[in-house]
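Fold and contact review
Each chain, letter by letter, is given below.
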Amino acid sequence: MDLGIRGKKAIVCASSRGLGKGCAMALAEAGCELFLNGRNATALSATASEIRQRFGVKVTEIVGDVADPEVQKALLAACPSPDILVNNNGGPPYRDFRELDRAKILEGVTNNMVAPIELIKAVIDGMAARGFGRIVNITSLSVYTPIPGLDLSSGARAGLTAFLAGVARTVANRNVTINNILPGKLDTDRLRGPHEPGSVEDPAEGAARRARLSAEVPAGRLGTPEEFGQICAFLCSVHAGYMTGQNIPVDGGLYVSAF
Ligand SMILES: NC(=O)c1ccc[n+]([C@@H]2O[C@H](COP(=O)([O-])OP(=O)(O)OC[C@H]3O[C@@H](n4cnc5c(N)ncnc54)[C@H](OP(=O)(O)O)[C@@H]3O)[C@@H](O)[C@H]2O)c1
């Protein structure tokens, strides 16, 4: 299917690995020019090269913490008029909420709620004026259902979701949409749990971990960043203009609900 977004400019935050990278790849496949971001310059450059080589699109790299106002400024200086914004960031580490002091709670809220709102504030009026905009936020299934140790993640992302539910309706008549994708169990570094960046998992341990997690999912497997990315790209397509303010679990049926 032609997504109708060839040549559109897309900022994809936190996109050197994992789900952000999956979204970037799918948008590149659809012909978008990309503005990628991540803190580790080497990983970011490797992903940018891979995408240029595979899809032949222009890719600009913006290194740094996406919650840092200076990095946000750099992203917007590189791409002042994006057509597409994919908000993503690392998630808070697993922790009993009793271990969270005020600084840690504010950090989680800043990373997973405030930063995406700041970026949306910066781009939404331009999108509305141009009559096209697609904003996708990568949140978490923890918005719908508690996950032990991820209370901060749930709270910050639920805050983002509620905040944007009203905002989405204010720009729907300008062909600007805001939707959230809620990953369940997708096979990325994040799902490996605490680990050294760039560390390689023992293959036997990895297989056992995948089997254990897969057994909890009705689909019987973990999702892939590639299939996640294709759903994001569809939400960014010309075909998805009548769909806004929605939360879309991508979870192999993990969230059990009739509605
Ligand atoms: N995978 C899942 O099953 C799952 C489930 C529920 C929710 N989620 C959420 O989905 C989001 C993406 O998860 P993932 O699995 O793709 O994680 P991941 O595999 O750990 O990848 C995270 C990506 O974000 C970048 N990043 C992290 N912190 C950043 C920051 N402050 N500024 C800029 N870039 C940053 C990382 O690069 P650098 O480290 O180089 O910055 C990397 O490219 C997270 O918020 C996660 O909590 C994932």
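That block above? That's the structure.
Keep in mind the model is a prediction, meaning the values are calculated, not measured.

Cut-offs applied
- Residues numbered from 1 in each chain as written.
- Predicted model: local features only at pLDDT ≥ 70, side-chain atom pairs only at ≥ 80, totals over all residues.
- Heavy atoms only, no water.
- Axes fitted to C-alpha atoms, helices over the stretch in contact; angles between N-to-C directions.
- Helix = DSSP H or I, 4+ residues; strand = E, 2+ residues; numbered from the N terminus.
- Parallel < 35°, antiparallel > 145°, perpendicular 65-115°, else oblique.
- Left-handed = near helix turned anticlockwise from the far one by under 90°.
- Contact = heavy atoms within 4.5 Å.
- Nonpolar A, V, L, I, M, F, W, Y, C, P; charged D, E, K, R; others polar.
- Pairing = 2+ DSSP bridges.
- Polar contact = N/O pair within 3.5 Å; in protein donor to acceptor, adjacent residues only side chain to side chain.
- Expected span 1.5 Å × (residues − 1).
- Buried < 20%, exposed > 50% of the residue type's maximum accessible area, 1.4 Å probe, protein only.
- Arc of directions from axis to C-beta.
- Salt bridge = Lys/Arg side-chain N within 4 Å of Asp/Glu carboxyl O.

What follows deals with the packing of helix α4 (residues 102–130) against helix α5 (residues 151–171). Relative to each other, α4 and α5 sit at 15°, their axes nearing to 9 Å. With respect to their mutual orientation, α4 and α5 come out roughly parallel. In terms of crossing hand, the pair formed by α4 and α5 is right-handed. Contacts from Lys104, Ile105, Gly108, Val109, Asn112, Met113, Pro116, Ile117, Ile120, Ile124 and Ala128 of α4 reach α5 at Leu152, Ala156, Arg157, Gly159, Leu160, Phe163, Leu164, Val167 and Val171. Residues of the contact of α4 with α5, tallied by class, amount to 15 nonpolar, 3 polar and 2 charged.

We now examine the sheet that holds strand β6 (residues 176–183). Spatial ordering of the open sheet is given by β3-β2-β1-β4-β5-β6-β7, a layout of 7 strands whose pairing is parallel. With partners counted over all chains shown, the strands left at the sheet margins are β3 (59–63) and β7 (247–250), one partner each. Each adjacent strand pair in this sheet contributes to an overall mean axis angle of 15°, direction not counted. For strand β2 (residues 33–38) and β3, the ladder comprises 5 bridges, and the chain directions are parallel. By the bridge assignment for β3, Asn37 is matched with Ile62. Relative to the sheet, α5 contacts β5 (133–138), β6 and β7, its axis offset from that of β6 by approximately 155°. Along the sheet face, helix α7 (residues 225–235) touches β4 (84–87), β5, β6 and β7 and points at about 165° away from the line of β6.

With that settled, consider the side chain of Ser142. Counting through the fold element by element, Ser142 comes out in the loop between β5 and α5. A distance of 3.5 Å separates the side chain of Ser142 from the side chain of Ser153, its partner in a polar contact. Excluding anything up to four places from it in sequence, Ser142 contacts Ile147, Ser153 and Ser154.

Right, let's talk about helix α2 (residues 41–55) for a bit. Between its first and last C-alpha atoms α2 spans 21 Å; for 15 residues at 1.5 Å apiece the expected length is 21 Å, and the two agree. For α2, every residue scored as buried is listed here: Leu44, Thr47, Ala48 and Ile51. Buried residues of α2, seen end-on, are gathered within an arc of 100° and therefore sit on one face of the element. Exposed side chains of α2 directed beyond 90 degrees from the buried face belong to Thr42, Gln53 and Arg54. The inward-facing, buried residues of α2 abut α1 (18–29), β2 and β3. In this structure Asn40 caps α2, since a side-chain oxygen of it lies 2.9 Å from the backbone nitrogen of Thr42.

Taken as a whole and assessed by the stated rule, the structure comprises 13 salt bridges. One connected set of salt bridges, linked through shared partners, spans Asp187, Glu201, Arg209 and Arg210.

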